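Each chain, letter by letter, is given below.
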Number of protein chains: 2
Amino acid sequence: MKTNKIITISREFGTGGRTIGKLLAEKLGIPFYDKSIIDKAAEASGLSADFIAQAEQKLTSSMLFNFVTFGYQHPDYKPLSDQVYIAEYKVIKEIAAQGPCVIVGRCADSILREKHDLINIFIYADMAHKIERCVTHYNISLKDAEKEIKDREKQRSRHYQYYSEQVWGNKSNYDLCVNAGALGIEGSVELLNSFVELLDK
Amino acid sequence: MKTNKIITISREFGTGGRTIGKLLAEKLGIPFYDKSIIDKAAEASGLSADFIAQAEQKLTSSMLFNFVTFGYQHPDYKPLSDQVYIAEYKVIKEIAAQGPCVIVGRCADSILREKHDLINIFIYADMAHKIERCVTHYNISLKDAEKEIKDREKQRSRHYQYYSEQVWGNKSNYDLCVNAGALGIEGSVELLNSFVELLDK
């Protein structure tokens, strides 16, 4: 039976959450979306892919400036990256309207919160597990891995908090939180597949 | 195949986590332990069941006194309830040494942390879901339910933090965190059964 669910996957850096999402989508026979959303957003809004990538990278520093100078959520302050977020927001809404899929990252869990048949998953792991994966799969040196993980997670956390006004990784925002270190990539995909099957029952 | 795992279940109040643990133990054909640990602890240590029950209830207020007067973890301060914790600690260690089982609450995840073949599960749910269960299953009035849930969770949180020196409900302490509102009791049991099967593969 093909699922009718829209599945969002949020994940700590170095957990293999993106790969888990991709394999889950394959197993369920439904579309998978991640960075490709950027390109779709660019096409839809007329923004260039380069501009979007730059704005995303700048978000952390402009937000810090925002926090320090104006305090959180000052109504008069609109960072440049808002244009990108709005474009991505529209694309995610359009994707979800087309039917079942897996979407990784991009605050999709928050953007689609009110949607029926939504499943929100969070993938996490111990630091040791994430460091090992960064070294073996992401070509990051053992020396740099922990700092890289912390920096990337700080970036994701700030981006999520800024746009969703929720705390990133807070389990109450998710239907299931999976420690990828317990089952590994394949096992986590199997577990999520069982989860979707049980929900579809 | 009978599992070789020792499974601890921690849970928010009103999620049905205890029932989930009991049904999971039945499904796996392994022993289940919860409040009965108190009685075993009492027998083993010579403390009376009444004394243990009273000390548990007093823990919150004596800990508050401890926090306010001496600051957290003052080395010279030993609340009376430490005697109970030490008795329970020993019992949990003995139970786990006997083989596979499900243990609900009692800081078992923290007490057994170093043990091989340990699975730590956390069960949570939305406040609305917990209120509904308190009203329909625990004979608590709709008016009192939210306060009762928050009080009981504060108690669990303080007890856990005091003895384990960890934050209660922090997902990094668990292998899987299940929102019981997503699948309900039976579905959550099925999911946990699949999780154990995948770990045993």
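By convention here, each chain's residues receive numbers from 1 onward along its written sequence. Each chain takes a letter, starting from A, and each ligand takes a number, starting from 1, following the order in which they are written. In keeping with the model being predicted, local features are shown solely for residues with a pLDDT of at least 70 and side-chain atom pairs are shown and tallied solely at 80 or more, while totals for entire chains, interfaces and linings include all residues. The basis for every side-chain value is the complete set of non-hydrogen atoms in the structure, without hydrogens or water.

Re the environment of Pro31 of chain B
All names here are of chain B.
Now for step 1: Numbering of helices and strands starts at the N terminus; helices are DSSP runs of H or I of at least 4 residues and strands are runs of E of at least 2. In this fold, Pro31 is placed in the loop between helix H1 (17-28) and strand E2 (32-33).
Now for step 2: Each C-alpha atom, one on Pro31 and one on Ala145, is 31 Å from the other, the two residues being 114 residues apart in sequence.
Now for step 3: With sequence-adjacent residues up to four places away left out, Pro31 is seen in contact with Ala25, Pro100, Cys101 and Val102. By definition in these notes, contact holds between two residues if any of their heavy atoms fall within 4.5 Å.

Points about the confidence of the model for chain A
Residues and elements named next belong to chain A.
Now for step 1: For every residue, the predictor states its confidence as a pLDDT score lying anywhere from 0 to 100. Confidence in the prediction of chain A, expressed as mean pLDDT, is 85, and 82% of residues score 70 or more.
Now for step 2: When mean pLDDT is taken per element in chain A, strand E5 (residues 176-179) scores highest with 98 and helix H3 (residues 49-70) scores lowest with 58.
Now for step 3: Across residues 67-78, confidence stays below pLDDT 50; counting only partners more than four residues off in sequence or on other chains, it has twelve contacts.

Quick word on the relation of the copies chain B and chain A
Now for step 1: The transformation that overlays chain B on chain A combines an axial shift of 0.0 Å with a rotation of 180°, and the residual RMSD is 0.0 Å. The operation mapping one copy onto its partner corresponds to a two-fold rotation axis. Among all residues of chain B, the minimum C-alpha distance to the rotation axis is found for Cys177 of chain B, at 2.5 Å.
Now for step 2: Both copies contact each other with a shared surface, as 100% of the interface residues of chain B are interface residues in chain A too. A residue counts toward the fit only if its pLDDT is at least 70 in both copies, and the copies are then superposed by least squares on the C-alpha atoms of those residues.

Quick notes on the sheet that holds strand E4 (residues 118-124) of chain A
Now for step 1: Two strands pair if DSSP finds at least two bridges between them. With mixed pairing, the ten strands of this open sheet are ordered in space as E2(A)-E3(A)-E1(A)-E4(A)-E5(A)-E5(B)-E4(B)-E1(B)-E3(B)-E2(B). With one partner strand each, in any of the chains shown, strand E2 (32-33) of chain A together with E2 of chain B form the two edges of the open sheet.
Now for step 2: Bridging between strand E1 (residues 6-11) of chain B and strand E4 (residues 118-124) of chain B involves six bridges; their strand directions are parallel. Considered in E4 of chain B, the bridge of Ile9 of chain B is made with Ile121 of chain B.
Now for step 3: Lying on the sheet, H1 of chain B is in contact with E1, E2, strand E3 (101-104) and E4 of chain B; it crosses E1 of chain B at an angle near 160°. The angle between two axes is taken between their N-to-C directions and runs from 0 to 180 degrees, where each axis is a line fitted to C-alpha atoms and a helix contributes only its stretch in contact.

Things to note about the packing of aromatic side chains
Residues and elements named next belong to chain A.
Now for step 1: In this analysis, rings of Phe, Tyr and Trp, with Trp reduced to its six-membered ring, are considered paired at centre separations within 6.5 Å, and the interplanar angle assigns stacked below 30 degrees, edge-to-face beyond 60, and tilted for intermediate values. Under the counting rule described, the total for this entry stands at twelve aromatic pairs over all chains.
Now for step 2: Aromatic pair Tyr85 and Tyr163: ring centres 3.9 Å apart, planes at 5°, arrangement stacked. Placement of Tyr85 in helix H4 (residues 82-97) and of Tyr163 in helix H7 (residues 142-164) is noted, with a sequence separation of 78 residues between them.
Now for step 3: Using a 1.4 Å probe on the protein chains alone, a residue whose accessible area is under 20% of its type maximum counts as buried, one over 50% counts as exposed, and one in between counts as partly exposed. A relative accessible area of 13% means that Tyr85 is categorised as buried.
Now for step 4: Judged by centre distance (5.5 Å) and plane angle (75°), the rings of Phe122 and Trp168 are edge-to-face. Residue Phe122 is found in strand E4, and its partner Trp168 is found in the loop between H7 and E5; the two are separated by 46 residues along the sequence.
Now for step 5: Cluster of aromatic residues (ring-pair linked, three or more members): Tyr85, Tyr89, Tyr162 and Tyr163.

Thoughts on the interface of chain B and chain A
Now for step 1: Residue-level contacts link 22 residues of chain B with 22 residues of chain A.
Now for step 2: Together chain B and chain A conceal approximately 1,800 Å² of surface at their shared face, both sides included; 67% is due to carbon and sulfur atoms.
Now for step 3: In terms of surface lost to chain A, no three residues of chain B exceed Tyr124, Lys171 and Leu198 of chain B, which account for 30% of the buried area on that side.
Now for step 4: Definition of a polar contact: a pair of N or O atoms within 3.5 Å, with one able to donate and the other able to accept a hydrogen when the atoms are protein atoms, and with sequence-neighbouring residues admitted only if both atoms are side-chain atoms. Our count for the contact surface shared by chain B and chain A stands at eleven residue pairs in polar contact (both at pLDDT 80 or more).
Now for step 5: If you list the elements that add at least two residues to the side of chain B that touches chain A, you get E4, strand E5 (176-179) and helix H8 (180-200) of chain B.
Now for step 6: At nine residues, H8 of chain B tops the list of elements feeding residues into the side of chain B that touches chain A.
Now for step 7: Where E5 of chain A meets E5 of chain B, three bridges bridge the pair, whose relative direction is antiparallel. Paired with Val178 of chain A across the two strands is Leu176 of chain B, which belongs to E5 of chain B. Throughout, buried area stands for the accessible area (probe radius 1.4 Å) lost by two parts on being put together, summed over both.

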